[in-house]
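Next come the chains, spelled out residue by residue.
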Amino acid sequence: MLTRNHREEALCRAYVQAVAALAGVGTSTPFPDYGVDLSLRNIEQRGRRRQDTRVQVDLQLRATTRANVTATDVRYDLDVDTYNDLRELSQIRCLLVVLILPEEEGLWLSQTPEELLIRHCAYWHSLRGEGAVSATSSTRIAIPCGQVFSADSVRTFMTRLSRGEEPC
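Residues numbered from 1 in each chain as written. Predicted model: local features only at pLDDT ≥ 70, side-chain atom pairs only at ≥ 80, totals over all residues. Heavy atoms only, no water.

### Let's talk about the environment of Glu105
Note the following rule: Helix and strand definitions here come from DSSP, where helices need a minimum of 4 consecutive H or I residues and strands a minimum of 2 consecutive E residues; each element is numbered from the N-terminal end. Residue exposure (1.4 Å probe, protein chains only): buried if accessible area is under 20% of the type maximum, exposed if over 50%, otherwise partly exposed. Contacts were defined at the residue level, with two residues in contact if any of their heavy atoms lie within 4.5 Å. Polar contacts, as counted here, are pairs of nitrogen or oxygen atoms within 3.5 Å of one another; within protein the pair requires one atom able to donate a hydrogen and one able to accept it, and residues that are adjacent in sequence qualify only if both atoms are side-chain atoms.
Relative to the assigned elements, Glu105 resides in the loop between β6 (93-100) and β7 (109-111). The exposure class assigned to Glu105 is partly exposed, which follows from its relative accessible area of 29%. The spacing of Glu105 and Arg7 is 98 residues in sequence and 9.6 Å in space, taken between C-alpha atoms. Those residues in contact with Glu105 that sit more than four places away from it in its chain are Arg4 and Arg7. At a separation of 2.6 Å, a polar atom in the side chain of Glu105 contacts the side chain of Arg7.

Laid out in structure tokens, this is it:
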């Protein structure tokens, strides 16, 4: 059986891929994984066919049962190396996606003939251009509660990236 961390990671990947499918964007998985867990790619209809527009956003995925969710934000402790990777001013944008799960594993997912339910949700955040931190192991970040990783938010930030704008 997979470790608990690997099960959390697999559920996060499935969540993100389901949302991306509903948003109508393509996904790809870099191999090997050196800091990018999944990429989203913009697809447009051009004439009678659909085409990859080569607009891409990379994602670093995390799943946790330990985030502190308040009325305004989700506070998550991110390791400093990943924080530094995500704040780089690279050509391709890279977003952090954090899936919040209940502490009890039996509550993560339920299934009936009518629905497949993943409890709680994922949030996205851009750390691009953030300042350096003095911490050596982890740093607490605050993700605004309005940045739910949803089909609408994916469409919005992919549209913004297509226009050469920042995702948020």
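### Side note on the side chain of Ser153
Take Ser153: it is sitting in helix α3 (residues 151-162). Ser153 gets classed as buried once you look at its relative accessible area, which sits at 13%. From its side chain, Ser153 meets the backbone oxygen of Val148 in a polar contact 2.9 Å long. Sequence-distant contacts of Ser153, that is, excluding residues within four places in its chain, are made with Trp124 and Val148.

### Some words on the packing of aromatic side chains
Quick note on the threshold: Classification of ring pairs rests on two measures: the distance between centres of Phe, Tyr or Trp rings, Trp counted by its six-membered ring, which must be within 6.5 Å, and the angle between planes, read as stacked under 30 degrees, edge-to-face over 60 and tilted in between.
Applying the stated criterion across every chain, the model contains two aromatic pairs. For the ring pair Phe149 and Phe157, a centre distance of 6.4 Å and an interplane angle of 45 degrees mean the geometry is tilted. The same class applies to Phe149 and to Phe157, which are both buried.

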